[in-house]
Amino acid sequence: MRKTVLLAAVAAMALGAGPALAKKQLVIVVKGLDNPFFEAIHQGCEKWNKENASSEYACFYTGPASTSDEAGEAQILQDVLSKPDTAAVAISPSNAPLIAQTLKTANPTIPIMTVDADLTKEDAALRKTYLGTDNYLMGKKIGEYIKKAKPNGGTICTIEGNPAADNILRRAQGMRDALTGKEGLAALAGEGGWTEVAGCPVFTNDDGAKGVQAMTDILAANPKLDAFGIMGGWPLFGAPQPYRDLVGPLKDRLAKNDFVIGAADTIGDEVAIARDGLVTALVGQRPFEMGYKAPSVMIDLIEGKKVDDPVFTGLDECTKDTVDTCIQK
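Rules behind the numbers
Residues numbered from 1 in each chain as written. Predicted model: local features only at pLDDT ≥ 70, side-chain atom pairs only at ≥ 80, totals over all residues. Heavy atoms only, no water. Helix = DSSP H or I, 4+ residues; strand = E, 2+ residues; numbered from the N terminus. Buried < 20%, exposed > 50% of the residue type's maximum accessible area, 1.4 Å probe, protein only. Contact = heavy atoms within 4.5 Å. Areas by Shrake-Rupley, 256 points an atom, 1.4 Å probe, with all protein chains shown as cover. Polar contact = N/O pair within 3.5 Å; in protein donor to acceptor, adjacent residues only side chain to side chain. Salt bridge = Lys/Arg side-chain N within 4 Å of Asp/Glu carboxyl O. Pairing = 2+ DSSP bridges. Axes fitted to C-alpha atoms, helices over the stretch in contact; angles between N-to-C directions. Phe/Tyr/Trp six-rings, centres within 6.5 Å; stacked < 30°, edge-to-face > 60°. Core = buried A, V, L, I, M, F, W, Y, C linked by side-chain atoms within 4.5 Å. Parallel < 35°, antiparallel > 145°, perpendicular 65-115°, else oblique. Left-handed = near helix turned anticlockwise from the far one by under 90°.

This part takes up the overall build of the protein chain. On a plain count of helices and strands, the protein chain comes out with 12 helices and 13 strands. With the principal axes as the frame, the protein chain shows a C-alpha extent of 85 × 40 × 30 Å. The proportion of buried residues among the 329 residues of the protein chain is 53%. Counting only contacts in the protein chain whose residues sit at least 6 apart along the sequence, the fraction spanning at least 24 positions is 71%. Accessible surface computed for the protein chain: about 14,800 Å², of which carbon and sulfur atoms make up 55%.

With that settled, the discussion passes to the environment of Ser68. By the element assignment, Ser68 lies in the loop between β2 (57-62) and α3 (70-81). Separated by 136 residues in the primary sequence, Ser68 and Thr204 place their C-alpha atoms 9.2 Å from one another. There is a polar contact of 2.8 Å between the side chain of Ser68 and the side chain of Ser66.

Turning to the pattern of salt bridges, a few remarks are in order. As enumerated under the stated definition, the model contains 18 salt bridges in all. One salt bridge connects Asp309 with Arg127, and the closest N-O pair in it is separated by 2.9 Å. Note that Asp309 is positioned in the loop between α12 (287-302) and β12 (311-312) and Arg127 in the loop between β4 (112-115) and β5 (130-132), a separation of 182 residues in sequence. For Arg244, the salt bridge goes to Asp276, with nearest N and O atoms at 2.7 Å. Residue Arg244 is found in helix α9 (residues 240-247), and its partner Asp276 is found in the loop between α11 (270-275) and β11 (281-284); the two are separated by 32 residues along the sequence. For Arg244, a relative accessible area of 22% gives the class partly exposed.

The subject of this paragraph is the sheet that holds β4. Across a sheet, paired strands are connected by hydrogen bonds in the backbone, their directions being either parallel or antiparallel. In space, the six strands of this open sheet follow the order β2-β1-β3-β4-β5-β12, with parallel pairing throughout. Looking at which strands have only one partner, the edges of the open sheet turn out to be β2 and β12. Pairing analysis gives two bridges linking β5 to β12, with the strands arranged parallel. Across the sheet, residue Gly132 finds its bridge partner in β12, namely Phe312. Packed on one face of the sheet, helix α2 (residues 36-51) meets β1 (24-29) and β2 and runs near 165 degrees to β2.

Counted by the stated rule, this structure contains three aromatic pairs. Each ring, one from Phe37 and one from Phe38, has its centre 5.4 Å from the other, and the planes form 90 degrees; the classification is edge-to-face. Given the relative accessible area of 4%, Phe37 is considered buried. Residues Tyr130 and Phe312 carry aromatic rings whose centres are separated by 6.4 Å and whose planes lie at 75 degrees to one another, so their mutual orientation is edge-to-face. You can see Tyr130 sitting in strand β5 and its partner Phe312 sitting in strand β12, a full 182 residues away along the chain.

Leu26, Ile28, Ile146 and Met298 are the most contacted members of the largest nonpolar core, which totals 46 residues. Those residues in contact with Ile28 that lie beyond four places of it in its chain are Ile41, Cys45, Cys59, Phe60, Tyr61, Thr62, Ala90, Val115, Gly291, Ala294 and Met298.

Where α3 meets helix α4 (residues 96-106), the closest approach of the two axes is 10 Å, and the angle between their N-to-C directions is 25 degrees. Here α4 runs roughly parallel to α3, going by the angle between their axes. Judged by the sense of rotation from one axis to the other, the crossing of α3 with α4 is right-handed. Side by side, α3 and α4 meet where Glu70, Ala71, Glu73, Ala74, Leu77, Gln78 and Leu81 of the first sit next to Leu98, Ile99, Thr102, Leu103 and Ala106 of the second.

Functional significance is not addressed by these values, which are geometric in nature.
This is the structure we're talking about:
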């Protein structure tokens, strides 16, 4: 009997100690769990957890099931902000205005930062810093590769993701600026020799299959199209075989720079696709680094330390000739 009472007392003490021992959560909210890019962020988050097992903080990764679920991401953010163990949040806004409104409504007292994608300039004060790619520079580099391949210009179609995703819009602007030598053009109508064809840009909501279908439709309507500027790698890493089936017959044109494809990211099958000569150039982000660095940045914000804004994670540039050395190790 005394042994039973003693065991019960020990169990009660353990249960009572549970909440005190629970780790504070450094939450990363991404656009969708169905995207390999964000899974790389997840792996970075998990590496931080393994290396900081004794920390009072834990990195927690979450997001809606689909990258097209903008409302779901906003709801998850709202839920996360209501939890007492949430110490800081890093969010990748799918719909920047919607996430900004969610933050305004919640009015959180904990540090908020953005990762991978930022809020608009008008709403930047709602977060402490942005960690991720210099998206304008990324788009500019894509544009520079396209322009180098076809210096006299031509017709082009831009493949984009979500029409309200600030990071994608910045990339597209960078590409247009690089192609034309002019800044701020919303569409190209002959500037620098480049014209965007009817129906472009195409917004695919980060869906690889939709991206390949969009490219198929545009090529059918414009068989003499000169270039694609793909602002995210969705068609290549999200639907690699359909992409290969579509672009394979254009391989000789790509080799001669008669046709050009500049695309974002270097994940999944993308580097192998570059090795096979089915894309002119890739300009890749470093999502693993984003996930790995985000917890430390959040802790610095919690502790009131000075944090740069923005914190850029760099770019990798890959062509057929550099695929073996282009990715940062």
